[in-house]
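Notes for the structure review
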Amino acid sequence: MRKLLTSNKEADIHCDSLMEDEDFHKHFKRTDLEDLIGPFLEKFKTCVSESLAKSGLIGTDLDYIELVGDATRMPKIQEILKDIYPGKELSRTLNSQETVARGCAL
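Summarised in this report is the structure supplied together with it. (Residues numbered from 1 in each chain as written. Predicted model: local features only at pLDDT ≥ 70, side-chain atom pairs only at ≥ 80, totals over all residues. Heavy atoms only, no water.)

Further remarks concern the packing of helix α3 (residues 38-55) against helix α4 (residues 75-84). α4 packs onto α3 with a crossing angle of 30 degrees between their chain directions and a minimal axis gap of 11 Å. By the angle between their directions, the pair α3 and α4 is classed as roughly parallel. The crossing of α3 and α4 is right-handed. Seen from α3, the contacting residues are Leu41, Phe44, Lys45, Val48, Ser49 and Leu52; seen from α4, they are Lys76, Ile77, Ile80, Leu81 and Ile84. Counted by class, the contact of α3 with α4 contains eight nonpolar, one polar and two charged residues. (Axes fitted to C-alpha atoms, helices over the stretch in contact; angles between N-to-C directions. Helix = DSSP H or I, 4+ residues; strand = E, 2+ residues; numbered from the N terminus. Parallel < 35°, antiparallel > 145°, perpendicular 65-115°, else oblique. Left-handed = near helix turned anticlockwise from the far one by under 90°. Contact = heavy atoms within 4.5 Å. Nonpolar A, V, L, I, M, F, W, Y, C, P; charged D, E, K, R; others polar.)

The next subject is α3. For α3, spanning 18 residues, the distance from its first C-alpha to its last is 26 Å, which sits close to the expected 26 Å at 1.5 Å a residue. Three or more residues of α3 are buried, namely Leu41, Val48 and Leu52. Within α3, the buried residues cover an arc of 35 degrees as seen down the axis, which keeps them to one side. In α3, the exposed residues that point more than 90 degrees away from the buried face are Pro39, Phe40, Lys43, Ala53 and Lys54. Next to the buried residues of α3 lie α2 (30-36) and α4. (Expected span 1.5 Å × (residues − 1). Buried < 20%, exposed > 50% of the residue type's maximum accessible area, 1.4 Å probe, protein only. Arc of directions from axis to C-beta.)

Enumeration over the complete set of coordinates arrives at one salt bridge. Between glutamate 79 and lysine 76 there is a salt bridge, with its nearest N and O atoms 3.4 Å apart. Taken together, the positions of glutamate 79 and lysine 76, both in helix α4 and three residues apart, correspond to about one turn of that helix. The class for glutamate 79 is partly exposed, based on a relative accessible area of 41%. What makes lysine 76 partly exposed here is its relative accessible area of 25%. (Salt bridge = Lys/Arg side-chain N within 4 Å of Asp/Glu carboxyl O.)

So, in structure tokens, the structure goes:
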């Protein structure tokens with residue numbers, strides 16, 4: 001459902017026979033998901049902010065920001081990163097395997 005709500009504002013969940021032949025159906029909005037994962041989003045924001053502070057870099061020292069992973073496609077994650085790195089373009093040019101290989105090489 002997270003993937004559906006990344007590109008859509010609303011989605012339905014259908015799980016047949018979830019437990020004891022009971023079906024589960026629920027309609028979700030993107031704001032519902034963001035409310036559910038709110039504590040994780042705050043931890044993410046804190047982690048990124050602390051990492052930037054500990055690195056000694058200023059946001060202007062960075063040339064670009066490369067995003068990797070499915071969660072980085074979530075609008076709320078992108079919004080948090082744009083708040084921390086104002087004026088920087090978020091990029092998704094590398095795939096996961098290339099990113100791992102590049103990280104190992106560095």
